[in-house]
Amino acid sequence: MNVLLAGGAGYIGSHTAVELLNSGHDVVIADNYSNSCPEAVRRVEELTGKTVRVYEADVRDHDAVRRIFTENKIDCVIHFAGLKAVGESVEKPVMYYRNNIDTTLTLLECMAEAGVKRIVFSSSATVYGEENEPPYTEEMPRGTCSNPYGWTKAMMEQILEDAAHADPALSVILLRYFNPIGAHASGRIGEDPQGIPNNLMPYVSQVAVGRRDHLTVFGDDYPTPDGTGLRDYIHVVDLAIGHVKAVEYAENHTGAEVFNLGTGTPYSVLEIVNTFRETNQIDVPYEIGPRRAGDLPSSYADAKKAEKILGWKAERNLADMCRDTWKWQSGNPMGYREG
Ligand code: NAD
Ligand code: UFG
């Protein structure tokens, strides 16, 4: 299939591009580089030996998206294009609603004009909210989100479900990611956050490489075995392969369907720090700090549906995630800026 990756120069998009190309699919990328850079796409081409057609475009821009659909016969869209920093979304909610909802509406409108019938969407475990208890299953109702970023994901799921309801020929696959970490095993592509990282693994790896002094562990008084938060960390390459399976499933599918993409196994913050240290033989100094507002004690998937229906299961373990993160971070201490 010929797949349009909206936001495809980003962390998950670039890894998905590699796996799609390696599986024999063609890829077109549209990205405004608001949180990424062209070097990531160049490295996708280097890793796969294939050429990727890239458009520097804002996916909210109808004319730009129309042009992509006119110049390429697109079989399926994967919609990664979104702003994703939870804290920033609390400070700038309108910017988050404008960017995330508008990209979705523009893509749906342009898909309808061009007769494109398949869309795979980057959703998040955050839509389970506070009401549901892990392990989360796909049939649980969406809960109350603790920040505007989460609400954009819940709203976009609703918009996409309504679109699928109105057009019986449409296939909508909602992928609820848990906590993607790690990097391509080559160390050539990986996560390159701008400024101070919000998420645990990029923070740990920046401490290890000497860019940050120490990690602050956000709370050790949660009702968990060691008191620190539990999350379902998933290797980004496993996640990327999940997208290949979703795109292939969408080929003969209509309606809207949700899949969790997680491992089903939760690890604590201290387990991440200790596995990173042991796997990479490098110190990660940390201090225990207060809880971060809005954090849940525990979040992890019931991952059975994706295995049963998509034939997909995460294969890489926590040591693989820590090793590949370090290969990327140690080889690219300042991210893509040195490349
Ligand atoms: P990322 O920021 O690396 O990638 C998103 C890409 O979208 C970037 O390249 C950015 O430049 C682009 N983009 C943003 N707005 C755009 C616009 N208006 N037009 C064109 N391009 C635009 O983030 P990621 O980690 O790769 O996440 C991809 C998607 O998955 C996002 O929608 C994110 O919310 C979702 N998600 C991520 C996580 C995670 O922990 N990384 C978890 C759950 C869901
Ligand atoms: N943590 C720390 N110190 C840090 C950063 C994180 O102790 O410097 C802890 C958090 O308290 C949490 C765990 O590490 O217990 C994971 O935190 P992340 O920020 O890496 O991930 P979250 O689970 O908080 O957030 C992720 C995504 C969001 C998404 C959310 C729910 O980043 O986009 O999952 O799905 F909304």
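Up top is the structure these notes are about.
Residues numbered from 1 in each chain as written. Chains lettered and ligands numbered in written order. Predicted model: local features only at pLDDT ≥ 70, side-chain atom pairs only at ≥ 80, totals over all residues. Heavy atoms only, no water.

*Asks:* Got a minute to help me understand empty space enclosed by the protein in this structure?
*Replies:* Picture a little ball the size of a water molecule; that probe, rolled over the atoms, points out where space is still empty. Tallied over the full model, the rule gives 2 cavities of 30 Å³ or more. The calculated volume of the largest cavity comes to roughly 70 Å³. Looking at the largest cavity, the residues that line it are Ile 181, Gly 182, Glu 191, Met 201, Pro 202, Ser 205, Thr 325, Trp 328 and Gln 329. If you list the elements that add at least two residues to the lining of the largest cavity, you get α7 (200-208) and α11 (318-331). Residue composition of the lining of the largest cavity, by class: 4 nonpolar, 4 polar and 1 charged. As a volume, the second largest cavity reaches approximately 30 Å³. Residue lining of the second largest cavity: Glu 191, Asp 192, Pro 193, Gln 206, Arg 211, Trp 328, Gln 329, Asn 332, Pro 333, Met 334 and Gly 335, and that is the complete set. Classifying every residue of the lining of the second largest cavity gives 4 nonpolar, 4 polar and 3 charged. (1 Å grid on protein atoms, 1.4 Å probe; cavity = no way out; pocket = protein on both sides within 12 Å on 5 of 7 lines; lining within 4 Å. Points joined across faces, edges and corners; volume = space filled by probe spheres on them. Helix = DSSP H or I, 4+ residues; strand = E, 2+ residues; numbered from the N terminus. Nonpolar A, V, L, I, M, F, W, Y, C, P; charged D, E, K, R; others polar.)

*Asks:* Just checking my understanding: could you explain the site of ligand 1 for this structure?
*Replies:* Neighbouring residues of ligand 1: 28 residues in total, closest Ile 12, Asp 31, Asn 35, Ser 36 and Lys 84. Backbone polar atom of Tyr 11 to an oxygen atom of ligand 1: 2.9 Å apart, as the coordinates give it. A distance of 2.8 Å separates an oxygen atom of ligand 1 from a polar atom in the side chain of Lys 84. Isolated, ligand 1 exposes 810 Å² of accessible area, and the fraction of that covered by the protein chains is 95%. At the level of secondary structure, the elements contributing two or more residues to the shell around ligand 1 comprise α1 (11-22), α5 (93-114), β5 (118-124) and α6 (148-166). For the shell around ligand 1, the class distribution of residues is 11 nonpolar, 12 polar and 5 charged. (Near = heavy atom within 4 Å. Polar contact = N/O pair within 3.5 Å; in protein donor to acceptor, adjacent residues only side chain to side chain. Areas by Shrake-Rupley, 256 points an atom, 1.4 Å probe, with all protein chains shown as cover.)

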